[in-house]
Structures are given as C-alpha cells and as structure tokens.
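Each chain, letter by letter, is given below.
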Amino acid sequence: MARQTLQSVASQLGEIRTSAIQRGVSLGFQCFDNEAYARTPTLSIKKGYPVYVAALPHSGKSEFVFELLINLSQLHGWRHCIYSGEEGDAAEVYVQIIEKVVGKQFRNYHAKGMVSAYAMTEAERVTAELWVNDHFFVIDDTTDYTPEAFCAEVDS
C-alpha cells in the first residue's frame, strides 16, 4: 500500500472516464441488486478489495456479514476466512453459518432438554457441513498472530 497523488494516477483517470462502470459481483440481496429498487445496483463487491461493516454493538453486523459471505459463496463460489472475536470459538461460528445455510436450528434440543421440532435433519447437517467446509475457514483468537503469520494462514 502506497500513498498516491492525483498526478501519479492522472493517466488512469482518463481511462476510467472513457470506460463503462465496472461493478463488482452481485451480493444476492434483492434490495441491493434489483433494478426495481434502484436504477443500477446500489452495492456490489469486487474480489480483492476490503469491505468494512461498522455499526453499534449488537445491531446485527455479524448476522449481515455471515449472510453476505454465504451469498457470495453460493452465487460465485468464493471462499472466506472469518475472524470474529465476538461470536465465540470456531465451532460456535461454524454452527451459526451452518444454521444460516440450512435455515434451521443446529441443536437437536431446547434448553429445557426437549427435542426441537425445528432442528435440521442429520442429512441436512452433513450436507451443510461439507459445503461450509469447502467455502469457509475460521481463525479463532487463541493464537497470537503477527500480520505476516495471519497472512500466511489465510493464503494456505
């Protein structure tokens, strides 16, 4: 990453001005993608560019991001690395993703020990786990990573 002046990118500006907009990929959310809501898609993502999501605590940032990542995997085959210090350990993050993929509860039992009528079947669980394993990996906060070690882990 290097600081750029306007003069250092002047030749690129001319190319950009005479080219069509190069949008990123669909997010899989109708409100962002559908032209019925806006003349052009209001939000898209380009691979290799960072995306930052900021909001008040407990306002649904992780829920939104997990849904977004699942959509990108389903629509475009993307793979994702998740680091979330707020959502629990790696197993708990995987449970949240699997529940979103299947649309049902992961746990077979309620807190009171009763069998849940809303739990996913064993076949749904196995199918979802295979798919999630192909598209996601989670880094938990038990390892003290240097930036170099983190990048090496993500690249592997």
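Details of the structure are given in the entry above.
Criteria and thresholds
Residues numbered from 1 in each chain as written. Predicted model: local features only at pLDDT ≥ 70, side-chain atom pairs only at ≥ 80, totals over all residues. Heavy atoms only, no water. Axes fitted to C-alpha atoms, helices over the stretch in contact; angles between N-to-C directions. Helix = DSSP H or I, 4+ residues; strand = E, 2+ residues; numbered from the N terminus. Parallel < 35°, antiparallel > 145°, perpendicular 65-115°, else oblique. Left-handed = near helix turned anticlockwise from the far one by under 90°. Contact = heavy atoms within 4.5 Å. Nonpolar A, V, L, I, M, F, W, Y, C, P; charged D, E, K, R; others polar. Core = buried A, V, L, I, M, F, W, Y, C linked by side-chain atoms within 4.5 Å. Buried < 20%, exposed > 50% of the residue type's maximum accessible area, 1.4 Å probe, protein only. Expected span 1.5 Å × (residues − 1). Polar contact = N/O pair within 3.5 Å; in protein donor to acceptor, adjacent residues only side chain to side chain. 1 Å grid on protein atoms, 1.4 Å probe; cavity = no way out; pocket = protein on both sides within 12 Å on 5 of 7 lines; lining within 4 Å. Points joined across faces, edges and corners; volume = space filled by probe spheres on them. Lys, Arg positive; Asp, Glu negative; His and termini not counted. Salt bridge = Lys/Arg side-chain N within 4 Å of Asp/Glu carboxyl O.

A. Examining the packing of helix H4 (residues 90-102) against helix H5 (residues 122-135) more closely. H5 packs onto H4 with a crossing angle of 115° between their chain directions and a minimal axis gap of 9 Å. Judged by the angle between their axes, H4 and H5 are roughly perpendicular. Once H4 is placed against H5, the crossing between them reads as right-handed. Two secondary-structure elements touch here, H4 through Tyr94, Ile97, Ile98, Val101 and Val102 and H5 through Glu124, Ala128, Glu129, Trp131 and Val132. Among the residues forming the contact of H4 with H5, the class breakdown is 8 nonpolar, no polar and 2 charged.

B. The nonpolar core, seen in detail. Ranked by size, the top nonpolar core spans 13 residues in total, and within it Ile82, Val93, Ile97 and Phe136 carry the most contacts. Taken together, the elements giving at least two residues each to this core come down to helix H3 (61-76), H4, H5 and strand S2 (136-139). With 4 residues, H4 is the single largest residue contributor to this core. Aside from chain neighbours lying at most four places away, what touches Ile82 is Phe66, Leu69, Val93, Ile97, Phe136, Phe137, Val138 and Ile139.

C. Examining H4 more closely. With 13 residues, H4 should cover 18 Å at 1.5 Å per step; its first-to-last C-alpha distance of 18 Å lies within 8% of that length. Considered for burial, the residues of H4 that qualify are Ala90, Val93, Val95, Gln96, Ile97 and Ile98. Taking the backbone nitrogen of Ala91 as reference, a side-chain oxygen 3.2 Å away marks Asp89 as the first, capping residue of H4. With its phi angle positive at about 85°, Gly103 sits one or two positions after the end of H4.

D. Region of interest: the layout of surface pockets. Taken as a whole, the largest pocket holds about 960 Å³ of empty space. For the largest pocket, the lining is made up of 26 residues, of which Val51, Val65, Leu69, Cys81 and Ile82 are closest to its centre. Secondary-structure elements contributing two or more residues to the lining of the largest pocket are H3, strand S1 (80-83) and helix H6 (147-155). The residue inventory of the lining of the largest pocket, partitioned by class, reads 17 nonpolar, 4 polar and 5 charged.

E. A look at the side chain of Glu87. Relative to the assigned elements, Glu87 resides in the loop between S1 and H4. There is no salt bridge for the buried Glu87, and the closest opposite charge comes from Lys61, which lies 7.8 Å off by N-O distance. A polar atom in the side chain of Glu87 sits 3.0 Å from the side chain of Ser62. A polar atom in the side chain of Glu87 sits 3.0 Å from the side chain of Gln96. The residues contacting Glu87, other than those within four sequence positions of it, are Ser62, Phe66, Glu92, Val93 and Gln96.

F. A look at H3. Helix length check: H3 (16 residues) gives 22 Å between terminal C-alpha atoms against 22 Å at 1.5 Å per residue, within 8%. Three or more residues of H3 are buried, namely Lys61, Ser62, Phe66, Leu68, Leu69, Ile70, Asn71, Leu72 and Ser73. Buried residues along H3 sit against S1, H4, H5 and S2. Of the residues one or two after H3, Gly77 is the one with positive phi, at around 70°.

G. Local environment of the environment of Tyr94. With respect to the secondary-structure elements, Tyr94 resides in helix H4. Among the residues examined, Tyr94 registers a relative accessible area of 26% and is labelled partly exposed. Along the chain, Tyr94 and Cys31 lie 63 residues apart, while their C-alpha atoms are 27 Å from each other. Tyr94 has contacts with Val132, Phe136, Phe137 and Val138, leaving out every residue within four places of it along the chain.

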